[in-house]
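Inside the fold
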Amino acid sequence: MAKAIMIQGTASNSGKSFLAAALCRIFRQDGLRAAPFKSQNMALNSFITKDGGEMGRAQVVQAEAAGIEPDVRMNPILLKPTTDVGSQVIVNGRVQGNMPAMEYYRRKRDFIPAVMEAYESLAREYDIIVIEGAGSPAEINLKADDIVNMGLAKLVDAPVLLVGDIDRGGVFAQLFGTVELLETDERDRIKGLVINKFRGDVEILRPGLSMLEDKTHLPVLGVVPY
């Protein structure tokens, strides 16, 4: 079975998709067979695979970075919003119908077998699976029956990199607050922090990095330029 690494973020648009694509390319350059995976994606625009299935476009870009053909197993659940409180639900590339948000959240655990079947199938074929989370693992109102952030990390026993977006401001609070809102076993999954979308002289940032490491007891593994 493949090894796994998971990218989670402090918020939407923190750069998870981009960094996952970068890791897919790096692993490919290192001679590994890598594949992307995102258990649940929400997007209005989808990609149609060669066999007619729908999947999220971010996983298509990541597959291209890994040098492989996009496959619906890389995004087993795609939610396409139809209203502010409902979405079209697509499972393994096929439309299952429209569902109000509350009904979907009541039924989330019903989709775990589809998610795990897709993941395990990929894991038998590749050396490493690069997993992307969604939103933030600290959305505490959504943590029950989570299947896309720490809930998935536990299911597949994946180590986690936590990414924060410095361009929007408040990155130290984002990262520290996210870590503090996690349960102890969830914190233990985080192997390092990444600051994304940085502009300027990184030397000016270093005192903040040291303080962040002291407060979270986690290493800052990288500062990624914008």
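Residues numbered from 1 in each chain as written. Predicted model: local features only at pLDDT ≥ 70, side-chain atom pairs only at ≥ 80, totals over all residues. Heavy atoms only, no water.

In this section: the overall build of the protein chain. Looking only at helices and strands, the protein chain features eight helices and twelve strands. Each of the three principal axes of the protein chain carries a C-alpha extent, and together these read 50 × 40 × 30 Å. Residue burial in the protein chain is summarised as follows: out of 226 residues, 52% are buried. Taking all contacts inside the protein chain whose residues are at least 6 apart in sequence as the whole, residues at least 24 apart take part in 69%. For the protein chain, the accessible area works out to roughly 11,000 Å², and carbon and sulfur atoms hold 52% of it. The positive charge centre, built from 26 side chains, and the negative charge centre, built from 29, are 2 Å apart in the protein chain. (Helix = DSSP H or I, 4+ residues; strand = E, 2+ residues; numbered from the N terminus. Buried < 20%, exposed > 50% of the residue type's maximum accessible area, 1.4 Å probe, protein only. Contact = heavy atoms within 4.5 Å. Areas by Shrake-Rupley, 256 points an atom, 1.4 Å probe, with all protein chains shown as cover. Lys, Arg positive; Asp, Glu negative; His and termini not counted. Charge placed at Lys NZ, Arg CZ, Asp CG, Glu CD.)

Two elements in contact, helix H1 (residues 16-29) and helix H2 (residues 57-66), have axes whose closest approach is 7 Å; the angle formed by their N-to-C orientations is 20 degrees. Between H1 and H2, the crossing angle belongs to the class labelled roughly parallel. Judged by the sense of rotation from one axis to the other, the crossing of H1 with H2 is right-handed. On H2, the residues touching Ser17, Ala20, Ala21, Cys24, Arg25 and Arg28 of H1 are Ala58, Val61, Gln62, Glu64, Ala65 and Ala66. Class assignment of the residues belonging to the contact of H1 with H2 gives a composition of seven nonpolar, two polar and three charged. (Axes fitted to C-alpha atoms, helices over the stretch in contact; angles between N-to-C directions. Parallel < 35°, antiparallel > 145°, perpendicular 65-115°, else oblique. Left-handed = near helix turned anticlockwise from the far one by under 90°. Nonpolar A, V, L, I, M, F, W, Y, C, P; charged D, E, K, R; others polar.)

What follows concerns the side chain of glutamine 174. Turning to its location among the elements, glutamine 174 is positioned in helix H6 (residues 171-180). On the accessibility criterion, glutamine 174 (15% relative accessible area) is buried. Polar contacts involving the side chain of glutamine 174 include one to the side chain of threonine 10, which spans 2.7 Å. A distance of 3.0 Å separates the side chain of glutamine 174 from the backbone oxygen of glycine 169, its partner in a polar contact. Every residue in contact with glutamine 174, bar those within four places of it in the chain, is listed here: Thr10, Gly164, Asp165, Arg168 and Gly169. (Polar contact = N/O pair within 3.5 Å; in protein donor to acceptor, adjacent residues only side chain to side chain.)

Here four strands make up an open sheet; going across it, the order is E3-E6-E7-E8 and the pairing mixed. Two strands bound the open sheet, and with one partner strand each, they are strand E3 (40-42) and strand E8 (94-100). Going from strand to strand, the sheet's axes swing by 25 degrees on average, the running direction of each strand aside. (Pairing = 2+ DSSP bridges.)

In this sheet, E8 lies alongside strand E7 (residues 86-91) in antiparallel orientation, the contact comprising six bridges. Directly across from glutamine 88, in E8, lies its bridge partner asparagine 98. The antiparallel hairpin formed by E7 and E8 contains two residues in its connecting segment, where asparagine 92 sits at a positive phi of about 50 degrees.

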